[in-house]
Amino acid sequence: MLYDALIGPFADFGFMRRALVASLALSMGGSAIGVFLILRRMTLMGDALAHALLPGAALGFLLGGLSLPAMSLGGFVAGMATALASGAIARFTRMREDATFGAAYLTSLALGVMIVSFRGSAVDLMNILFGAILAVDNTALCLVAATTTLTLVGLAAIYRPLVVECFNPGFLAAMGVRGALYHYLFLALAVLNMVAAFQALGTLMALGLMLLPAVAASFWAREVWSMTAIAMPMAFLSAAIGLLVSFHAGLPSGPVIVLVASLFFLGSLLLGSRASVRARLSHATHLRG
Amino acid sequence: MNAALRLVDVTVSYDRHPAVHHISVDIPAGEMTAIVGPNGAGKSTLLKALLGLAPRVEGRIECAARRIAYLPQQAEIDRTFPISVFDTVLLGRWGRFGGFGAAGPADLHDARHAIEAVGLAGFERRPIDTLSVGQFQRVLFARLLLQDADLVLLDEPFAAIDAKTVGDLMEVIKRWHAEKRTVVAVLHDLDQVRREFPNSLLLARELVDAGPTPRVLSAENLLRARAMAEAWDEHAGACEVPVRLSA
């Protein structure tokens, strides 16, 4: 009974196993990226960036059909172009970067939907917007695994400059370090993860497995490493539970996975050990000093 | 006079409006110099220009210091960031281990020592978002201690800080002075400047006066500084004074 509910689907179906492995890889790389997105106060900008992948992916689709490498490359190029362009516009004109990001991603999204409609069917558009984690094949699996490896190694390498750039950029500048370099390296890793996630969750929800567990973790931990360590298993559990629920209930997997991650967020919001509703409402007596 | 810093006809501007306008001045080595002036007088901008962090600098800045340490205004730091007191202080040794090297036992020892020296022993593992403004300023001073610089630039080190903390941190500054380091501080408390800082530089976008504090902070100079700072012209034409570009 329990076996049928929890293990059977993965034991019996190859596509479920591949989806599970892809989720594991996405969770590990993505939640680390998500923690830094929060610390850099870029959660909404990250979301905008994920939408900005669309025209590139769509162009890849137009030229190569439903070929993952073509769509991924296109998405990565479009994402990086958006990030670099809005950063450059913000610096050049002193317009705030969130405003330029907003303008850039809306342009991208509209452009992307239009390009897909040139050739694709509504089903293709739905796949690109909302993903199809059950259709993950070996190529996609390799792509996701490579992305995660690169992300974890890359983040470890630039960890210290990135942390200081988040918390005291002026200090880094005074030390003669170009903080912008690490900012853009981080953005490149973030875009790479969004590209990896978009096959599974689509461009609209690519950030779901990155941000929700990271936000949830911030209700439990107060260091960068412990936030990441809590966010990773939450992300993977969300994906695993979401896959099972969608399998048994016949629901689309992407939204279910993201909704399970939302449940983790809600639970943490209510019960977390710091800054949560419980922490606010608890009437424990104050400490002596 | 031996100058730690020499400014020759320095102009720093934002959007073409000069925040610091045609300043030439020497800042003496091994002395404590206060930079005073009304809000918007260009004090912080001048410090940023000395560090090479200002957007557009004309003129020439000569610096004899090997190592410069800089205390930013607290508003420039994300105080909610999840990092411990010890790690923040240890960053003072960035010059030694950079972005990728490991901190040695000597660095760890010195960091503990610096935290004790600013009166925060026992706070090492505390996250910085649990500290008061005064305690956090002590953390930043400990980081400055670790930087072991011969020129220390302080931007409003005592803004919104209680008397006890000001007293303790002033002792740290005096120790730097005794060690022949050059200290330059942007300050607003004129009584404190008269009491503690032998040299001053009075700024109101242009240099009003620089030299011994009693002379610089005369009533007449202060009045003049206020009048000059208020004369901001939104529609100013281009400056007529010829500008020498930095070499």
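Note that the structure is predicted; figures quoted are calculated from it, not measured.

Peer 1: Explain the overall build of chain B to me, please; I cannot follow it from the model alone.
Peer 2: Helix and strand content of chain B: nine helices and nine strands. Taking 247 residues into account, the globule formula puts the C-alpha radius of gyration at 18 Å, and chain B, at 19 Å, falls close to it. In terms of principal-axis extent, the alpha carbons of chain B reach across some 55 × 40 × 35 Å. Put simply, chain B has 247 residues, and 40% of those count as buried. For chain B, contacts bridging at least 24 residues in sequence account for 72% of all contacts bridging at least 6.

Peer 1: What exactly am I supposed to notice about the packing of helix H2 (residues 14–39) of chain A against helix H10 (residues 179–205) of chain A here?
Peer 2: Each pair of packed helices can be described by the angle between their axes along with the distance between the axes. All names here are of chain A. One way to put it is that H2 packs onto H10 with a least axis distance of 10 Å and a crossing angle of 145 degrees. For the element pair H2 and H10, the recorded crossing hand is left-handed. In contact with Ala 22, Leu 26, Gly 29, Gly 30, Ile 33, Phe 36 and Leu 37 of H2, H10 contributes Phe 186, Leu 189, Ala 190, Asn 193, Ala 196, Ala 197 and Ala 200.

Peer 1: What is the right way to look at the sheet that holds strand S3 (residues 32–36) of chain B in this model?
Peer 2: Adjacent strands of a sheet form backbone hydrogen bonds with each other and so pair up, either parallel or antiparallel. Residues and elements named next belong to chain B. Pairing is mixed in the open sheet, where six strands are placed in the order S5-S6-S7-S3-S8-S9. Unpaired on one side and paired on the other, strand S5 (68–71) and strand S9 (206–212) mark the two borders of the sheet. Along the sheet, successive strands turn relative to each other by an average axial angle of 15 degrees, direction set aside.

Peer 1: Would you mind showing me how to read the interface of chain B and chain A here?
Peer 2: Buried accessible area, meaning the area lost when the parts come together, often serves as the stated size of an interface. Listed by partner, the interface residues are 15 residues for chain B and 17 residues for chain A. Tallied by class, residues from the side of chain B that touches chain A come to 11 nonpolar, two polar and two charged.

Peer 1: Looking at this model, I keep getting lost on the nonpolar core. Mind explaining?
Peer 2: A general trend in soluble globular proteins is that nonpolar side chains are found buried together. Membership of the largest hydrophobic core comes to 169 residues, with the highest contact counts inside it found for A:Leu49, A:Val191, A:Met194, A:Leu201, B:Ala142 and B:Leu153. Once residues lying within four places of it in the same chain are set aside, the contact partners of A:Leu49 are A:Gly79, A:Thr82, A:Ala83, A:Tyr105, A:Ala190, A:Val191 and A:Met194.

Peer 1: Where do I start with the environment of B:Leu120 in this structure?
Peer 2: Residue and element names in this part refer to chain B. For Leu 120, the position within the fold is in the loop between helix H4 (105–117) and helix H5 (133–147). Taking the C-alpha atoms as reference points, Leu 120 and Ala 69, separated by 51 residues in sequence, lie 20 Å from one another. Beyond its immediate stretch of four places on either side in the chain, Leu 120 contacts Val 85, Ile 115, Gln 135, Arg 138, Val 139 and Ala 142.

Peer 1: Teacher, can you tell me more about the packing of H2(A) against helix H12 (residues 224–249) of chain A here?
Peer 2: Residue and element names in this part refer to chain A. The N-to-C vectors of H2 and H12 enclose an angle of 145 degrees; their axes lie 8 Å apart at closest approach. The handedness of the crossing between H2 and H12 is right-handed. Class assignment for the residues of the contact of H2 with H12 results in 18 nonpolar, six polar and no charged.

Peer 1: Help me understand the pairing of strand S1 (residues 3–14) of chain B, please; the structure alone is not making it clear to me.
Peer 2: Put simply, side chains in a regular strand alternate between the two faces of the sheet. All names here are of chain B. Bridge analysis of S1 against strand S2 (residues 17–28) gives eight bridges, and the strand direction is antiparallel. Paired with Ala 3 across the strands is Pro 28, a residue of S2. Counting the residues that bridge the hairpin from S1 to S2 gives two residues, and of these Asp 15 lies at a positive phi of roughly 50 degrees. Bridge analysis of S1 against strand S4 (residues 57–63) gives six bridges, and the strand direction is antiparallel. Opposite Leu 7, over in S4, you have Ile 61 as the bridge partner.

Peer 1: Would you mind showing me how to read the environment of A:Gly74 here?
Peer 2: Residue and element names in this part refer to chain A. Within the secondary structure, Gly 74 sits in helix H5 (residues 68–93). Taking the C-alpha atoms as reference, Gly 74 lies 26 Å from Arg 91; in sequence the two are 17 residues apart. Among all residues touching Gly 74, those that are not within four sequence positions of it are Gly 56, Ala 57, Leu 59 and Gly 60.

Peer 1: How should the environment of B:Ala160 be read in this particular structure?
Peer 2: Structurally, the position occupied by B:Ala160 is in the loop between strand S6 (151–155) and helix H6 (163–178). Along the backbone, B:Ala160 and B:Val133 are 27 residues apart, and their C-alpha atoms lie at a distance of 7.5 Å.

Peer 1: What is the right way to look at the sheet that holds S1(B) in this model?
Peer 2: All names here are of chain B. A sheet is described by the order of its strands in space; here three strands give the open sequence S2-S1-S4, paired in antiparallel fashion. Of all strands in the sheet, those with a lone pairing partner are S2 and S4, marking the two edges. Averaged over all neighbouring strand pairs, the angle between strand axes comes to 10 degrees, with direction disregarded.

Peer 1: Before we go on, may I ask you to explain the pairing of S3(B) in this structure?
Peer 2: Residues and elements named next belong to chain B. Burial analysis of S3 places five of its five residues in the buried class, which makes it a mostly covered element. Along S3, one buried face is formed by Met 32, Ala 34 and Val 36 and the opposite face, lined by Thr 33 and Ile 35, is buried too. As judged from the four bridges shared by S3 and strand S7 (residues 182–186), these two strands associate in the parallel manner. Each bridged residue has a counterpart across the sheet, and for Thr 33 the counterpart in S7 is Val 184. One ladder, built from four bridges, connects S3 with strand S8 (residues 199–204); its direction is parallel. By the bridge assignment, Thr 33 is partnered in S8 with Asn 199.

Peer 1: Whenever I open this one, helix H4 (residues 54–64) of chain A confuses me. Can you help?
Peer 2: Since there are 3.6 residues in each turn of an α-helix, residues three or four apart along the chain are aligned in direction. Residue and element names in this part refer to chain A. Extensive coverage of H4 is indicated by the burial of eight of its 11 residues. Among the residues of H4, Leu 54, Pro 55, Gly 56, Ala 57, Ala 58, Leu 59, Gly 60 and Phe 61 are the ones counted as buried. Residues of H4 that are buried make contact with helix H3 (43–52), H5, helix H6 (97–119), helix H7 (122–130) and H10. A positive backbone phi angle near 70 degrees is found at Gly 65, which sits one or two residues after H4.

Peer 1: I keep staring at unusual backbone geometry and nothing clicks. Help me out?
Peer 2: In terms of backbone geometry, most residues other than glycine have negative phi values and most peptide bonds are trans. Residues and elements named next belong to chain B. Positive phi, close to 45 degrees, is recorded for His 22, a residue that is not glycine. Mapping His 22 onto the fold places it in strand S2. A positive phi angle is found at Asp 148, which is not glycine, with a value near 50 degrees. Tracing the backbone through its elements, the reader meets Asp 148 in the loop between H5 and S6. A residue is classified by how many C-beta atoms lie within 10 Å of it, and Asp 148, with 17 of them, is partly exposed.

Procedures and definitions
- Residues numbered from 1 in each chain as written.
- Chains lettered and ligands numbered in written order.
- Predicted model: local features only at pLDDT ≥ 70, side-chain atom pairs only at ≥ 80, totals over all residues.
- Helix = DSSP H or I, 4+ residues; strand = E, 2+ residues; numbered from the N terminus.
- Rg over C-alpha atoms; globule rule 2.2 N^0.38 Å.
- Buried ≥ 20, exposed ≤ 12 C-beta atoms within 10 Å, placed from the backbone.
- Contact = placed C-beta atoms within 7 Å.
- Axes fitted to C-alpha atoms, helices over the stretch in contact; angles between N-to-C directions.
- Left-handed = near helix turned anticlockwise from the far one by under 90°.
- Pairing = 2+ DSSP bridges.
- Nonpolar A, V, L, I, M, F, W, Y, C, P; charged D, E, K, R; others polar.
- Core = buried A, V, L, I, M, F, W, Y, C linked by C-beta atoms within 7 Å.

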